[in-house]
Amino acid sequence: QVQLVESGGGLVQPGGSLRLSCAASGVIYNIGAMAWYRQSPGKQRELVAIITGGSSTNYADSVKGRFTISRDNAKNTVYLQMNSLKPEDTAVYYCNAEIYSRGRWSDYWGQGTQVTVSS
């Protein structure tokens, strides 16, 4: 059974930084794209950043220049470095990954980690 476990969320002041991690575990033969999404109360879940299996990246306009997504394939882990955080970045952040396990590709989600940006 494949699981994604996020860590690194918390409370930070505006202008501060946080680093989120998401580790995949279980019977994994390959991982394709990995991504971070976020959802604020009353809003739809939105894509924050994505990194392909070949390490190409793409970002939401609202986080370009402030957030960096990266991955460590040896550890089956994806990271999100968040700098210059703003109150509007407050949300639950979810990890997502395309994983090949037990003969097929499937989409997996983490349980979410809360990020709160407030003074």
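Rules used in this analysis
- Residues numbered from 1 in each chain as written.
- Predicted model: local features only at pLDDT ≥ 70, side-chain atom pairs only at ≥ 80, totals over all residues.
- Heavy atoms only, no water.
- Pairing = 2+ DSSP bridges.
- Helix = DSSP H or I, 4+ residues; strand = E, 2+ residues; numbered from the N terminus.
- Core = buried A, V, L, I, M, F, W, Y, C linked by side-chain atoms within 4.5 Å.
- Buried < 20%, exposed > 50% of the residue type's maximum accessible area, 1.4 Å probe, protein only.
- Axes fitted to C-alpha atoms, helices over the stretch in contact; angles between N-to-C directions.

Novice: What's the story with the pairing of strand β3 (residues 18–25) in this structure? I'm lost.
Specialist: Each regular strand shows side chains that alternate between the opposite faces of the sheet. With five bridges joining them, strand β1 (residues 3–7) and β3 adopt antiparallel strand pairing. From the neighbouring strand, leucine 4 faces β3, where its bridge partner is alanine 24.

Novice: Whenever I open this one, the nonpolar core confuses me. Can you help?
Specialist: Proteins that are soluble and globular tend to have nonpolar side chains buried together. Of all hydrophobic cores here, the largest spans 30 residues; its most connected members are Trp36, Leu80, Met82 and Tyr93. Those elements that provide at least two residues to this core are β3, β4 (30–39), β5 (46–51), β7 (67–72), β8 (77–82), β9 (91–101) and β11 (113–117). The element that contributes the greatest number of residues to this core is β9, accounting for five residues.

Novice: Please clarify how the sheet that holds β3 should be interpreted in this entry.
Specialist: Strand pairs in the sheet, formed through backbone hydrogen bonds, run parallel or antiparallel to each other. With antiparallel pairing, the four strands of this open sheet are ordered in space as β1-β3-β8-β7. Since the sheet does not close on itself, it has two edges, and those belong to β1 and β7, each with one partner. Across the sheet, the mean angle from the axis of one strand to that of its neighbour is 15°, orientation sign disregarded. Sheet topology note: the β7/β8 ladder contains six bridges and is antiparallel.

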